[in-house]
Amino acid sequence: MSNTKITKVIMPVAGFGTRFLPATKCQPKEMLTIVDKPVIHFLVEEAVNSGIKDITFVTGRGKRAIEDYFDYAVELEQVLSISGKRDLISSIRQVSEMGRFTYVRQKEAHGNGDAILSAAHLIHRGEPCAVLFGDDVVDSEIPALKQMISVFEKYGDPVVALEEVPHNKTNLYGIVSGKEVEKNVFQINSIVEKPSVKNAPSNLAVVGKYIINYEILSILKRLRQNFSEGRELGITDALKIYLKDKPIYGLKFTGKRFDCGSKIGLLEATVHFALKHKEVNQEFKAFLKKLSKKLKYFLT
Ligand code: G1P
């Protein structure tokens, strides 16, 4: 059991987003929108609704829009105030007040482990922290991270988020093997980063949500010192070493995940959240109904 409360989350957002070019030529992929909120907003909501307010973004060149998004927009507020749009003012203010934001820069892209290390100086010795990658948006009653925190509080060991993926997609993820110790909670035996489909130990994939501890950060530090120039450092490299001596748990969380780092994932998320959106859902449903008639024609 762990008494150490998780108060900080590291969100690496320095990646180029080449899968969305040209849209990401001059804007961060994390700022692509799902209906009317950028993808990164959903991730911050997940952290905040899990009780975590200290949010550190690991950014890079070309990511300033993220800082502006979570800052006050004073000029915009003035314009909205002249036209009496109080609701809009409070909705954009609320974005800046969701958490306490810190920004560190990863100067060069050397892997997601290296990105996490760029923020490691903000984590105290003995302190656990959460890591959320900027792509995996989950719609669930209880935030996926909160579900993971419950597992951490019970076992006191690092926790990764798991999802079963189609066997032919195992080469896109870190894949684990493990023993189910209670419903949907696995004690992990092994983890392999992006194995070939035939070598995957299972179809249980790690999605971009982790609860790590200071020891994992220390392993990352050690690995970076020993890695040759240019070699990418991944979080999985550290998890593998940690696993040799200590347990790591995996939680098959409840909720619907969207990989918003891929075109199809972002499209699916857009449809999913549009169908739940107070302002547009009726009109959008009507549109989909019409479309489905046409689709029947095209698909047969
Ligand atoms: C990272 C991790 C991988 C994990 C994936 C989830 O890969 O290294 O183990 O399955 O995130 O999104 P990346 O997407 O950075 O290539």
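Scroll up to find the structure.
What counts and how
Residues numbered from 1 in each chain as written. Predicted model: local features only at pLDDT ≥ 70, side-chain atom pairs only at ≥ 80, totals over all residues. Heavy atoms only, no water. Patch = residues over 30% accessible without salt bridge, like charges linked within 9 Å, V, L, I, M, F, W, Y side chains within 5 Å. Areas by Shrake-Rupley, 256 points an atom, 1.4 Å probe, with all protein chains shown as cover. Salt bridge = Lys/Arg side-chain N within 4 Å of Asp/Glu carboxyl O. Helix = DSSP H or I, 4+ residues; strand = E, 2+ residues; numbered from the N terminus. Buried < 20%, exposed > 50% of the residue type's maximum accessible area, 1.4 Å probe, protein only. Phe/Tyr/Trp six-rings, centres within 6.5 Å; stacked < 30°, edge-to-face > 60°. Lys NZ or Arg CZ within 6 Å of the ring centre and 35° of its normal. Near = heavy atom within 4 Å. Polar contact = N/O pair within 3.5 Å; in protein donor to acceptor, adjacent residues only side chain to side chain. 1 Å grid on protein atoms, 1.4 Å probe; cavity = no way out; pocket = protein on both sides within 12 Å on 5 of 7 lines; lining within 4 Å. Sits in = over half its atoms within 2 Å of the grid points. Nonpolar A, V, L, I, M, F, W, Y, C, P; charged D, E, K, R; others polar.

(A) Local environment of a nonpolar patch on the surface. Nonpolar side chains collect at one region of the surface, where Phe287, Leu291 and Leu295 lie side by side and expose about 250 Å² of accessible area between them. When you line up the elements, Leu295 lands in helix α10 (residues 281-299). Given a relative accessible area of 36%, Leu295 falls into the partly exposed group.

(B) Spotlight on the packing of aromatic side chains. Applying the stated criterion across every chain yields a total of 10 aromatic pairs. Both rings, one in Tyr69 and one in Phe70, keep their centres 5.0 Å apart while their planes meet at 85°; by these two values the pair is edge-to-face. A relative accessible area of 22% means that Tyr69 is categorised as partly exposed. Aromatic ring contacts, followed pair by pair, group Phe57, Tyr69, Phe70, Phe101 and Tyr103 into a single cluster. For the cation-ring pair, Lys37 lies above Phe42, with the distance from its terminal atom to the ring centre recorded as 4.7 Å. Above the face of the Phe258 ring, Lys256 is positioned so that its terminal group lies 5.2 Å from the ring centre.

(C) The site of the ligand, seen in detail. By nearness alone, every residue bordering the ligand is listed as Asn112, Phe133, Asp136, Tyr173, Gly174, Glu193, Lys194, Val206, Val207, Gly208, Tyr210 and Thr236. In the environment of the ligand, an oxygen atom lies 2.5 Å from a nitrogen or oxygen atom belonging to the side chain of Lys194. Compared with its free state, where it exposes 380 Å², the ligand has 76% of that area covered by protein. Mapping the ligand onto the cavity grids shows that it belongs to the largest pocket. With 4 residues, strand β11 (residues 204-212) is the largest single contributor of residues to the shell around the ligand. Along the lines of polarity and charge, the residues of the shell around the ligand split into 5 nonpolar, 4 polar and 3 charged.

(D) Inspection of unusual backbone geometry at higher detail. In this structure, Pro22 follows Leu21 across a cis peptide bond, with omega equal to 10°. Considering the arrangement of structural elements, one finds Pro22 in the loop between β1 (8-12) and β2 (33-34). Here the phi dihedral of Val35 falls at roughly 60°; this positive angle occurs in a residue that is not glycine. Of note, Val35 is situated in the loop between β2 and β3 (37-38). Look at Val35 and you get partly exposed, because its relative accessible area is 31%. You will see that Lys194, though not glycine, has its phi angle at about 40°, which is positive. Note on placement: Lys194 falls in the loop between β10 (185-193) and β11.

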